[in-house]
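# Structure at a glance
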Amino acid sequence: MQTRKKLLIIFLLLSSLTFSQMKNSNLFWEDVHFGGGIGLSFGDGFFSGTLAPSAIYEFNHQFGLGIGLNATFNSLKNTYKSTILGGSIIGLYNPITDLQLSAELENVNVSRVYNTPLNLKNDHYWSPALLIGAGYRNGPVTMGIRYDILYDASKSIYADPWSPFVRFYF
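Here is a short report on the structure shown in this document. Each chain carries its own residue numbering, running from 1 in the direction its sequence is written. The predicted nature of this model means local features are confined to residues of pLDDT at least 70 and side-chain atom pairs, given and counted, to a pLDDT of 80 or more, with totals for whole chains, interfaces and linings taken over all residues. Side-chain measures here rest on the full set of heavy atoms in the structure, leaving out hydrogens and waters.

## So, the pattern of salt bridges
Keep this limit in mind: Salt bridge, as applied in this entry: a Lys or Arg side-chain nitrogen positioned within 4 Å of an Asp or Glu carboxyl oxygen. Helix and strand definitions here come from DSSP, where helices need a minimum of 4 consecutive H or I residues and strands a minimum of 2 consecutive E residues; each element is numbered from the N-terminal end. Between buried and exposed lies partly exposed: a residue is buried under 20% and exposed over 50% of the maximum accessible area for its type, with that area taken using a 1.4 Å probe on protein chains only.
Under the defined criterion, the tally for this structure stands at three salt bridges. Arg 146 is the partner of Glu 104 in a salt bridge, and the nearest nitrogen-oxygen pair spans 3.1 Å. One end of the pair, Glu 104, is in strand 5 (residues 99-114); the other, Arg 146, is in strand 7 (residues 141-148), with 42 residues separating them in the sequence. The exposure class of Glu 104 is buried, given its relative accessible area of 11%. Accessibility expressed as a relative area gives 14% for Arg 146, which makes it buried. We note a salt bridge from Asp 123 to Arg 112, for which the minimum N-O separation is 3.6 Å. Taken as a pair, Asp 123 in strand 6 (residues 123-138) and Arg 112 in strand 5 lie far apart in primary sequence, eleven residues in all.

## Comments concerning the pairing of strand 6
The condition that has to hold: For two strands to count as paired, DSSP must find a minimum of two bridges between them.
Pairing analysis gives 14 bridges linking strand 5 to strand 6, with the strands arranged antiparallel. Across the sheet, the residue bridging to Ala 103 is Ile 132, located in strand 6. When strand 6 meets strand 7, the two strands line up antiparallel, connected through eight bridges. Opposite Gly 135, over in strand 7, you have Gly 144 as the bridge partner. Between strand 6 and strand 7, which pair antiparallel and follow one another directly, the connecting turn spans two residues, one of which, Gly 139, has a positive phi of 65°.

It is worth stressing that arrangement in space is one thing and function is another; only the former is reported here.
Here you go:
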């Protein structure tokens, strides 16, 4: 009889701990918002496609921190093909409901293969970016502009240090 009581108490304690952990785990996931971006561009022998999913943990209504992935494929018929793969750490700050400030440290691996009579060398390199931005926030959507502090015209995957953005998180 004594052994049964001990086993029952141990079972109840373990069940309680498991339920408590499940409850805390669910609370964590309630504050995680998923989103990102999708890009598609084509015309006259050119194609570009991007998938950039991300997840943000919202500590409170003002602060969020998360990670993002980036996968891009570009090609220009009979000229080049490029693959861009990487990730980022994203920080968000909302000083007021409608204003979102952001900082994103991104590092991507660029692989360009040229197929042209100009004898251009193939490129394989890492391209870092530190993007500081500000945007108007309305519910799950933020639209704004950001600036790449580490912009390098010869290595950046962006055409300009300034770039507009639209962010969705659900």
